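# Residue-level structural notes
Spelled out, the chains give:
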Amino acid sequence: MAKQAKNLDAKKPSSTRANKKAKSTLEQALFDPDQSEQYVQTDHENSPVTSNTCVTSGEMYSTPEDAKSITALEAAPQHWLFVTNHLNLLYMLAAGMIMSPAGFNEKHYPDPSSSFPGWLPLFRGSIPQQAIDSATQATKYLLPCVVAINLDSIQAQVLLQSRDGAFSKCSLPSKIDDNISALLIRAPLPLALIKDVYFCSQDDLAVCHSAASNSANTDTSRISFKIDPKPFEDTSTEPWPVAAENMPSDLNVKDAPPAQGQATGGVVAVLYHIANRSSLCCCAYRIATGSANNPDFQDICIDPTLAHLLEWLNTGIVSGDATEAARLYWDVAVELVEAKSKANSPKPVDVVLAYLSGSIPKLQDPELKKSVTTLYQDLRSSFGLGAGTISELFERNTEPLSRSLILLCLRASSTDLLRFSHASLSDVDFILAAILFGIRDGWLGLPQDLRRPNALVQFVESRMIEVEQRDRDEKVISNISNPRPVPLRELLITRCFEMGVARREALVHFVQSQGWKEAVQTTIRLPEARYHLIASQEGVEIIVKGGITSLSLDIDLETILRKISVWPFEHEDEIRTILQIE
Amino acid sequence: MTMNTDRSRRFSLPGIHELNKCQDAALALPLEGQHLIVGGPGTGKSVVALLRARRLSRDARRYKFLAFNSLLDQSSQYLFGTELPLKSTTLEKGFCNLWRKVFREEVPRLPQNQKSTYRSIDWKRVDNTIQKPPSDWLVNVRNRGLPFLIIDEGQDMPPTFYRTLVNLGFENYYIVADQNQQIDPDSCSSRQDIENSIGMESSETVQLTTNFRNTRPIALLAEHFYPGDPASPRPDLPSENHLASIPELWRYGAPHLPSLAEISELILKASDRDPKRLIGIITPNNVVRTAFVDALELSHPKLDSEKPSIQTYASDCRNQLDFANGGIMVINAHACKGLEFDMAVLADIDKHQPIHRSDDIKKRFYVMIARAREQVILLRNGNDSDALAQLLPTDTNTLARR
């Protein structure tokens, strides 16, 4: 995906070549006489559509050869308008994506996208009044808003609706004629495409901000809000939506909740926040963000369950060559994601219990069967008065699968996991637990403490869209590239090997200010000679005539890594700043 | 001790996905005007009331949050968060302070009864007095205006309370109520009483129906005791889930049964499994309350963390309770209304006295059970009462016997 995006970003000649290539592929797809005749109509030349007609970008060509003769399709600025209400907008900000109704878990208030489940209708110029009205009809306290979206960076197959209600296909980036009043693009889209959000009045905007302050995960600070009554007043009388008989069959797509994307977002975020804990945790994060190297893959394979992390991230399932225990763990993960895609989803704890209960009879390995049976009974008891302390539970349940599930059932939030420590908990146990917590919470449900820093937010938002688009034949590809945030641990290891004097001194100063004595070692080299050593209760004094020839301060990286492994680490920003010093 | 002990129950705003459309409607109500929100236990009434207080606070509007009792007042303070102090008091204290300000005398009270030193407000005399408020007060109201009122558990004050507020010039109300949780029906208000008193149409009342707090098994058990008054909407049962922890009935104190010491040990270990967890032991009277406090304090099982704090509340002591940290709270049933616990242990259930209306003990159990988010444990201590046995569900999928 990244490679394709880079090509798009290249200079014009390459872009033109790429577009020409894309066009011929598109011609192939579009040169279907049935489809062309079915819904491509235009009064552009007052000529009927024929089977030899190739339609691209809303332009008409009488023969494919004519299409090929067009040398440049300059992508005109693609600014479109998405109409919704303030509560839907806030929900989308929390979810990290512009979604269609299924993504709202029954909290969607009808808006123009309700007419085309799975698609996002975008307008330009005058918005149909009926479209604006539809965004606030459900209840009197909804306020309309218009979201200006920039599609410049998007590659996608879209559907165009002309002013007379006809539909045609188009491949972005492309020039789109003025007679096109609406564009339908598959949901979801990245929030990064939002240019501005318009409200009709200052009062309306104030209500939106007030509603945002009622919840923890509606951060409006990244959005540019504007007041302009024009989009709400200078509307058109075009009907919205168009009559059902005019709608093409391409519009019938499955509108599913973005459960896999949200789960991936949650997992990436939680793995980022545990990355400072250890080398293996950092490795798991690199694998989750597609930046792992060979040693990482070797390291992760020390555990047969963790070895399938990349496969799950890439496909959402784990293949049959996994061990029975590994498959059980990843099947629980799949069940948790599936549960989230249902309305009124059951509680995650209940999903886990139900799955374990159903799996026990089918397990082949008698040892595994015994341990999962013990686990199931202990989990049930832990909700009442029966089970013992966590140490007692861990003594009876020693497998990483068991411990990760125990933690999932006994700790309500991902921050509780990050703050948890236990002498017998291994890195593998912890990483497996972190993955389940990330899935359980999803990006939407993550505590605010974990929905930062900004670099993580942007990376996760683009990653979630990639995951949601992954299994589609026609993807929406954004060439906005957000680099993964680098964990402090990784930065320290990289930057400490090549440390200039200024950076070393700054780091030493910081370490000393924190009182981390064991993190700094001072070496004094003296030539062979006689020295006067005075020892007292206050310490040792060496009197050297003529001065010291060599004094060096060495940072003990392992100590610093140990200090930063506790979450949250309060001085992360300070150390990052120091590591920028040359 | 092998684990770090962080018991802090940090307050956090709900996520937007955790507020349902009914709550959105309640939150979107205009600041000005008369508003009533009704809903059963666990439907998020207190959450919307506190969010309303935050909104008024942010907008620098004068308001007063009136909680049912001192415990609920303390709990509301914790839920409100620490950035802005909640301007709150209890319903009765707030009313008495207001009366003193207006009439320059103490609110009329009934003679004390034999059982306690407490004297109830004489609402009849209040009703007679309030027909003509002092003119200087009304002038004062015209000049300075009056604060917004947010009233939690509004069903627990009589119609005279509301008539008084109206007569004194209060105009802006945000009342949350559930008439199925009335403690004393003789001195409470129905939904219609409140609507009539503050002058609003029934169609304007917002109804909250989704049960957020309880798991399905807990909701099923609470429903077994549900009084069934249609004026307050029945909370929707949480989604189908037959594997979540089923409420448990334990017997102790007799031969071959666990002792109180063993039960205490189990409760301490339950707390230790999650130090942030708040376990509420709800007792029928002070004797049982004291017995449990003593047993818990004397018990020292091997735990992973430091022993949790054991707090108790006595109405005559009015001590402060800490809701900001996990641990164990032992309180009497009449004080538990509106509170929320991760686990609720209903101790010595046979010792609850039936009072003159047979529905009242069922209401009490309904209220107690609905305090719990994750689990309910019922304890019977020998001397089983036949009357109570008849009230308990026989289906072991609703109440498991241990």
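Below is a summary of the structure that appears in this document. (Residues numbered from 1 in each chain as written. Chains lettered and ligands numbered in written order. Predicted model: local features only at pLDDT ≥ 70, side-chain atom pairs only at ≥ 80, totals over all residues. Heavy atoms only, no water.)

The next thing to look at is the pairing of strand β7 (residues 248-252) of chain B. All names here are of chain B. With four of five residues buried, β7 is to be regarded as a mostly interior element. Two strands pair when backbone bridges link them, and β7 and strand β12 (residues 372-381) are joined in this way by five bridges, in the parallel orientation. Its bridge partner being in β12, Tyr252 is matched across the sheet by Asn381. As paired elements, β7 and strand β13 (residues 400-401) share two bridges and run parallel to each other. Bridging from a neighbouring strand, Leu249 pairs with Arg401 of β13. (Buried < 20%, exposed > 50% of the residue type's maximum accessible area, 1.4 Å probe, protein only. Helix = DSSP H or I, 4+ residues; strand = E, 2+ residues; numbered from the N terminus. Pairing = 2+ DSSP bridges.)

In this section: the interface of chain B and chain A. Counting from both sides, the interface comprises 46 residues of chain B and, opposite them, 48 residues of chain A. Taking both sides of the interface into account, the surface hidden between chain B and chain A amounts to around 3800 Å²; carbon and sulfur atoms contribute 53%. Linking chain B with chain A are four salt bridges, by the criterion used here. Residue Lys107 of chain A is joined to Asp24 of chain B by a salt bridge in which the shortest nitrogen-to-oxygen separation is 2.8 Å. On the surface where chain B and chain A come into contact, there are 20 residue pairs in polar contact (both at pLDDT 80 or more). Counting only elements with at least two residues in the side of chain B that touches chain A, the list comes to α1 (21-28), α2 (45-58), β7, α10 (260-273) and β12 of chain B. If one sorts the elements of the side of chain B that touches chain A by residue count, α10 of chain B sits on top with six residues. In terms of residue class, the side of chain B that touches chain A is made up of 20 nonpolar, eleven polar and 15 charged. (Contact = heavy atoms within 4.5 Å. Buried area = accessible area lost by both parts, 1.4 Å probe. Salt bridge = Lys/Arg side-chain N within 4 Å of Asp/Glu carboxyl O. Polar contact = N/O pair within 3.5 Å; in protein donor to acceptor, adjacent residues only side chain to side chain. Nonpolar A, V, L, I, M, F, W, Y, C, P; charged D, E, K, R; others polar.)

Residues and elements named next belong to chain A. Mapped onto the elements, Asp378 comes out in helix α15 (residues 366-382). You can call Asp378 buried: its relative accessible area is 10%. In this view, Asp378 contacts Ala387, Leu393, Arg396 and Asn397; residues no more than four positions away in its chain are not counted.

Together, Arg62, Lys64, Lys87, Lys101 and Arg144 of chain B make up a positively charged patch on the protein surface. Here Arg62 of chain B shows up in the loop between α2 and β2 (63-67). (Patch = residues over 30% accessible without salt bridge, like charges linked within 9 Å, V, L, I, M, F, W, Y side chains within 5 Å. Areas by Shrake-Rupley, 256 points an atom, 1.4 Å probe, with all protein chains shown as cover. Lys, Arg positive; Asp, Glu negative; His and termini not counted. Charge placed at Lys NZ, Arg CZ, Asp CG, Glu CD.)

Attention now moves to the environment of Ile263 of chain B. Residue and element names in this part refer to chain B. Take Ile263: it is sitting in helix α10. C-alpha of Ile263 to C-alpha of Ser70: the two residues are 193 residues apart in sequence and 29 Å apart in space. Other than its neighbours up to four places away in sequence, Ile263 contacts Trp250, Tyr252, Pro258 and Leu379.

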